[in-house]
Amino acid sequence: MKKIPCTNLYQYLSLCFIILTSQVVLIKAQRTIDVGALLDFTSPRGRAGQAAISIALEDFYALNANYSTRLAVHVRDCKQDDISAASAAIDLLKNIRVQAIIGPRTSTQAKFVSDLGNQTHIPIISYSATSPTLSSDHTPFFLRTTVNDSSQVGAITAIVSHFGWHEAVPVYEDSDFGMGMIPYLVDSLQEINTQVPYRSVIHSYATDEQINLELLKLKTMPTRVFIVHMMSDLAARIFSKASENDMMSAGYVWIITDSIANVIDSIGPLAINSMQGVIGVRPYIESTKKIADFTRSLKSRLRQENPNIDLPEPTVYELWAYDTVWAVSMAVENAQLPDEKEWVSQIGENSTDLGRLAVCKTGTRLLNLILDTAFDGIAGKFHLVDRQLQSSNFEIVNVIGKSYQQLGFWTTQVGFASTPTFTASSVLKPVIWPGHSTATPKGWQIPTAGKKLRVGVPLKDGFQQFVKIERNKVTNQTTVTGYCIDMFDAVMQSLPYYVPYEYVALEDGDGPSNLTYTQMVEGVYLKKYDAFVGDTTIIANRSLFVDFTLPYTDTGVQMVVPIRDKRSTSMWIFLKPLEDDLWLAIILLFAYTGFVVWLIEHRSNVEFGGTRKQQLLNISFFSFFTFLGIPKERVLNNLSKFAVINWMLVAWLLEKNYSASLTSMMTVQRLQPTVSDINELLKSGEFIGYQHQSFVEDLLKSLNFDENKLRSYSSSDQYAEALSKGSTNGGVAAIFDEIPFLNLLITEHCNQYAMVGRIYKTGGFGFVFQKGSPLVPDVSRAILNVTEGDKIVEINRAWFGDDVSCSTQENTFNYDRLSFHSFRGVFLITAVLWGLALFISVVLFLLKKISAENISTKVRNVEVLPFSEHKEGDQVASSTEVINYAHEDDVGENWGTNKINVSQKVAFQAEELSYPEASC
C-alpha cells in the first residue's frame, strides 16, 4: 500500500476543513423563513397554484442567489370549505408559526383566515379572493394580490350602455364572493338608467333541478340581459342548463365577469360549447416572453406531478401567485427578521386553539414591507394600493368556437379602445351573439308563454271622444275605443316587434271609478297593471314613480271664456281709434307746425305779421287749414315750404290709419272675450270650472283661487252650459282645462267661446309604463313615427271631424288702438327735419344781421354835402339810389331816421368806403 506523504495529507485535510467551514457559514447566512400556503388540492386550480409557487421560488432565488433569506413554503390543503381553511391556517400559525400565509383561494375562506391574521398579526396574502366585502378597514392584515371585483363594474356598465339595454338581471352565487360585487353593479347600472327588475341568486351547491327552476323563472320574464358572477365550476353548470332550456338562442345576452372569463381556456369543452355568444370582461394582461416561458414551465411541471390527470390551461391566477411569491421573498429579505421567531403568547383563560394563538411581533414590519414592494412582475406592474392590486385596463372577449376572440378593450381613462395601446374608440368588433346571431339583441321581449301586457283604461262619463268603454250586457265583453286608444293601437302596431296586450277597464262596479288620475297612475307603480292609456297628462310628480312616453298631443293648460260682439255704439267712437298719447302728440304737432312756419315767415311775409293776437291765431290754425287743403296764408320761404310738405305727409299717414281703424270698429264684427286675464277672475271672485278628477284642481289652488269658488264638470256639454249661465246664475265665468279638451269644446260650440290668457305648460298626453320599462324608448320612437305621418290625420278626422277651425276665432281678441308707440319713428323724423329747418333759418338770420350792422357803421361815416359844394370830378348819386342801396342791405330803418327828402339832390363825400359808386 502506498503511503501518502505527510505534506499532502496536511493539504488534503486543510482543504476539507475549508470546504466544511464555508458550507457552515453559508448555511448560517441563508436563514429560512417559514411561510404558509393554503391551496385546494381537490381542484385543478389548487394544483396549478402549487406548481406556480414552486416555479416562482426557483426563479427568484436563481436570480438572487446572494440573498441571505430563503422562503420555506408549508402547503396545507384547505379543500373547498371554510372550516378546513380555518383549521389549516390554525395549524400553520400554531405549530409552524409561519411569518405569512399565501391564500386561501375563495373570498369566503379568506374572510375566516383574515380574522386569524388580525389576531396573530400575520399577513394573509390571497391572489384569488376578489370579493369587495373583504375590506381593509376591518381586516388590516389581509392583502389582495389580485384585483377587486368592483373594479370591473365600469366595464360591464359601459357594455350595457353601448348596446342601449335598459334592463339587466344579475345572476350570482349565494356566497360572500357572489354577493360582494352586486351592490356596486346595481348602483352603476342605475346611473345609466338601466333597471334591475330581479336578482337571481343560485346556491353554490344547487342541484340541477334547482338551477332549472331558476332559469325557467328568468325565461318567463321580459328581460333578456343576464350578468353572471360566480365561480367557474358553478357557471359551467348554469350555462349547460341554460342551453338545454333554449336560453342560449337569438335574443338573449349573457355577460360573464372575470371570475369566469379568466378561466375560459380551462373551463372544459362541454362548458365552452354551451357558452357560445357569451361576452366576457377580464383584466388585460399583456402577452410577453416571460409569460410564455412561465406557461411552458408550468405545463411541464403539472404533467410531471400529475401524469394521469387532465390539467387545465394556465390562467391569470397562476401569474398572480407567481408575483405574490416574489413580493413576499423581497419583503422578507428586506425585513431583517431575527433568527429566533418573536411570538408573544396571549394571556387569558380561553382554552381553545384560537385563544392560545400567539402574536407575531415582526408581522407588522413584514406587512408594511410587502405594501411598499413594487416591481415589474410577469402579470404586469406589481404595486398594492389600499392593500390590493390595481387594474384599470380590461379586455372584452366573445366566446366563439373552442375559445374566444377579442372585441376590444376598456379603461377608466378613455372608455372603449380597439387596440392595447388604449386609444379611445367607441367601436367594438362585431359580436357573435347566442344562436350565432349577428343582430344586436334589443335586451328584452314579451315571453310567448308569459302574460299579456295589462293596460289600464279609465272609465269616464264625459269627453268620450278620448276614451270610451262599452260593455255588452249579453256577452259581458268590453269594447274600448277613443282617440287615445286608437293612438296606442297605432303606436304598438308600428313597433318592430309584436307585443301582446289587453285593456283593463278601471271601474267601480258598473260605473266610473272614483279614483283620480294620479291614483290610477299609481296603480302602474304598484304593478296592478303594466301600463295605463288614456287622457293622462305628463306632470312632474307623476313621473317620480312611473315612466311616461313622449307626448302625442298639444301641451298646456289654458282658460276658455264666453265671447261677445262688442262693436261700440258710443257717440264718442270717433275718438277710440287713437290712444290718448297719440291724440296729444297730434295736437302738439299741429301747434309745432304753425310755430315753425311762423318763425320762418314772419320777418318777410306780411301775411304772418300783425298784432300778437293775429300771429297767435295764425300759429294755431295754419296746420289745421293746411291739413284740410285750404291754407289761409301763403308761404314764401323755401324752408317753410319744406316744413309744410313734411307735415302734409305725416298728416296723410295719420289720416289713413285713423280711417281704417274707425271703419273696422264700426263695421267689422268684434268678438271679444268676457275675461282676458286670470287676474280679473282673482279680483272679481268669480266661479271657475275644471274637469272632474283632473290635476287642474291642484293647479288652480296653487294659483290662489278660493277652493269654494271651484266647480268640477265631466263633459264638454256641461262646460258649455256652465259658461252660458255665468258665474252669478249657478255657472262659471271661465273653464280651466288642458288644450285638447278646450279645442274640442270650441269645435263643438264655434263662435261662442275662446281660449285666452297664459298657457300653463304641461307635458301633454302620454302613455304610462312601469319605472324602467324597456318599452318606453321604443314606444316613444313609435309615437314620433305615427304623429309625423298620415295616420294621425286619420285618427283626428275620425274623432274630431275635419280639421277646419272657426273662421271667426281670429277676431276673438281686442283690436289694438293706434298709439304713439306705433308712430314714434314718424314723429322722430318730423321733429329732426323741422329742427334742421329752424336751425338753418336762424343761421341765415344771424348772418344777415351781422352784415347789416357792418354796413350801418360805414354809412354813418359818410359826410352829407349840399349839391352846390361838391367838387369837380366827384361822382353824384341821387338820394333815392342811396336809399335803395341801403334798403337792399337791410339798413332802411337807419335811413328812415334821417328823414331825407328823396327829391333833393345831395352830394356824399365817401370816406374809405368800399363802394366807389357811393362817392359824389
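Worth saying up front: this structure is predicted, and the values here are computed from it rather than measured.

**Q** I'd like to hear about the overall build of the protein, residue by residue, with values.
**A** Secondary structure assignment for the protein yields 28 helices and 34 strands. Residue burial in the protein is summarised as follows: out of 920 residues, 48% are buried. In the protein, once contacts between residues fewer than 6 apart in sequence are set aside, the share between residues at least 24 apart is 73%. Working note: accessible area of the protein is about 46,600 Å², and carbon and sulfur atoms make up 54% of it.

**Q** Can you lay out the sheet that holds strand S10 (residues 279-283) for me, pointing to particular residues and giving the numbers?
**A** What the 8 strands build is an open sheet, ordered S7-S6-S8-S9-S10-S16-S17-S18; its pairing is mixed. The strands lining the two open edges of the sheet, one partner per strand, are strand S7 (200-202) and strand S18 (415-417). When strand polarity is set aside, the average angle formed by the axes of neighbouring strands in this sheet is 25 degrees. By the bridge criterion, 8 bridges tie strand S16 (residues 393-400) to strand S17 (residues 403-411) in an arrangement that is antiparallel. Each residue of the ladder has a partner; that of Ile396, found in S17, is Gly408.

**Q** Describe the side chain of Ser200, and please don't skip the residues or the numbers.
**A** Relative to the assigned elements, Ser200 resides in strand S7. A polar atom in the side chain of Ser200 sits 2.7 Å from the side chain of Glu214. Ignoring sequence-local partners within four residues, the contact set of Ser200 consists of Val169, Pro170, Val171, Tyr172, Glu214 and Leu218.

**Q** Give me the lowdown on the packing of aromatic side chains, citing residues and values where you can.
**A** In total, this model carries 35 aromatic pairs according to the counting rule given. Aromatic side chains Phe394 and Trp410 sit 6.4 Å apart centroid to centroid with 45 degrees between the ring planes, which places their arrangement in the tilted category. Here the residue Phe394 occupies a position in strand S16, and Trp410 occupies one in strand S17, the gap between them amounting to 16 residues. The side chain of Lys709 reaches across the aromatic face of Phe687, ending 4.4 Å from its centre. Above the ring of Phe687, the side-chain terminus of Arg711 is found at 3.6 Å from the ring centroid.

**Q** Give me the UniProt feature "transmembrane region" (unreviewed entry) in the protein: which residues, what numbers.
**A** With numbering matched to this structure, UniProt assigns "transmembrane region" (unreviewed entry) to residues 826-847. The span residues 826-847 shows a helical share of 100% and a strand share of 0%, and its end C-alpha atoms are spaced 32 Å apart.

**Q** Quick one: what's the story with empty space enclosed by the protein, residue by residue and with numbers?
**A** Going through the model one piece at a time under the given rule, you end up with 2 cavities of 30 Å³ or more. Put simply, the largest cavity is a space of about 240 Å³. Put simply, the parts of the chain that give the lining of the largest cavity at least two residues each are helix H2 (44-63), helix H10 (258-261) and helix H13 (316-335). By volume, the second largest cavity is sized at about 80 Å³.

**Q** Lay out the pairing of strand S6 (residues 169-173) with the relevant residues and their values.
**A** Burial analysis of S6 places 5 of its 5 residues in the buried class, which makes it a mostly covered element. Both faces of S6 are covered, namely the face carrying Val169, Val171 and Glu173 and the face carrying Pro170 and Tyr172. In the sheet, S6 pairs with strand S8 (residues 225-229) via 4 bridges, with the strands oriented parallel. Among the inter-strand pairings, Pro170 is bridged to a residue of S8, identified as Ile227. Two elements, S6 and S7, share 3 bridges in a ladder whose sense is parallel. The residue of S7 that forms the bridge with Glu173 is Ile202.

**Q** Talk me through helix H5 (residues 153-162); I want residue IDs and the actual numbers.
**A** Across the 10 residues of H5, 7 count as buried, placing the element largely inside the fold. Buried residues of H5: Val153, Ala155, Ile156, Thr157, Ala158, Ile159 and Val160, and no others. Downstream of H5 by a residue or two, Gly164 has a phi angle that is positive, lying close to 75 degrees.

**Q** Now, about the confidence of the model for the protein: what can you tell me, with residues and values included?
**A** Taken as a whole, the protein shows an average pLDDT of 80; of its residues, 78% reach a score of 70 or greater. Here residues 807-814 is a poorly scored stretch, pLDDT under 50, and it has 22 contacts once near neighbours within four places are set aside; other chains count. The low-confidence segment residues 874-920 (pLDDT under 50) makes 68 contacts with residues lying over four places distant or belonging to another chain.

**Q** I'd love a proper account of the sheet that holds strand S1 (residues 31-39), names of residues and values included.
**A** Two strands in a sheet stick together by hydrogen bonds in their backbones, pointing the same way (parallel) or opposite ways (antiparallel). Taken in spatial order, the 8 strands line up as S2-S1-S3-S4-S5-S15-S14-S13 in an open sheet, and their pairing is mixed. The strands lining the two open edges of the sheet, one partner per strand, are strand S2 (69-77) and strand S13 (374-377). In this structure, S1 lies alongside strand S3 (residues 100-102), joined through 3 bridges in parallel fashion. Bridging from a neighbouring strand, Val35 pairs with Ala100 of S3. Sheet contacts for helix H4 (residues 107-120): S1, strand S4 (124-126) and strand S5 (142-147); angle to S4, the most-contacted strand, approximately 155 degrees.

**Q** So what's going on with the nonpolar core? Residues and values would help.
**A** Counting residues in hydrophobic clusters, the biggest one holds 52 residues, and the most contacted among them are Phe466, Val499, Val560, Phe767, Phe769, Leu775 and Val779. Elements supplying a minimum of two residues to this core: strand S19 (453-458), helix H15 (483-493), helix H22 (716-725), helix H23 (739-748), strand S31 (753-760), helix H24 (775-787) and helix H25 (791-800). Among the elements that take part in this core, H15 stands out by supplying 8 residues, more than any other. Excluding anything up to four places from it in sequence, Val779 contacts Val491, Met492, Leu495, Thr549, Phe767 and Phe769.

**Q** Run through the packing of helix H3 (residues 82-96) against H4, naming residues and quoting values.
**A** Their axes nearest at 8 Å, the elements H3 and H4 cross at an angle of 25 degrees. In terms of orientation, H3 and H4 fall into the roughly parallel class. With respect to the hand of their crossing, H3 and H4 are arranged in right-handed fashion. On H4, the residues that touch Asp82, Ala85, Ala86, Ala89, Ile90 and Leu93 of H3 are Thr108, Gln109, Phe112, Val113, Leu116 and Thr120. Its residues assigned to classes, the contact of H3 with H4 shows 8 nonpolar, 3 polar and 1 charged.

Thresholds, definitions, all that
- Residues numbered from 1 in each chain as written.
- Predicted model: local features only at pLDDT ≥ 70, side-chain atom pairs only at ≥ 80, totals over all residues.
- Heavy atoms only, no water.
- Helix = DSSP H or I, 4+ residues; strand = E, 2+ residues; numbered from the N terminus.
- Buried < 20%, exposed > 50% of the residue type's maximum accessible area, 1.4 Å probe, protein only.
- Contact = heavy atoms within 4.5 Å.
- Areas by Shrake-Rupley, 256 points an atom, 1.4 Å probe, with all protein chains shown as cover.
- Pairing = 2+ DSSP bridges.
- Axes fitted to C-alpha atoms, helices over the stretch in contact; angles between N-to-C directions.
- Polar contact = N/O pair within 3.5 Å; in protein donor to acceptor, adjacent residues only side chain to side chain.
- Phe/Tyr/Trp six-rings, centres within 6.5 Å; stacked < 30°, edge-to-face > 60°.
- Lys NZ or Arg CZ within 6 Å of the ring centre and 35° of its normal.
- UniProt positions renumbered as here; feature names shortened; annotations may be inferred.
- 1 Å grid on protein atoms, 1.4 Å probe; cavity = no way out; pocket = protein on both sides within 12 Å on 5 of 7 lines; lining within 4 Å.
- Points joined across faces, edges and corners; volume = space filled by probe spheres on them.
- pLDDT = per-residue confidence, 0-100.
- Core = buried A, V, L, I, M, F, W, Y, C linked by side-chain atoms within 4.5 Å.
- Parallel < 35°, antiparallel > 145°, perpendicular 65-115°, else oblique.
- Left-handed = near helix turned anticlockwise from the far one by under 90°.
- Nonpolar A, V, L, I, M, F, W, Y, C, P; charged D, E, K, R; others polar.

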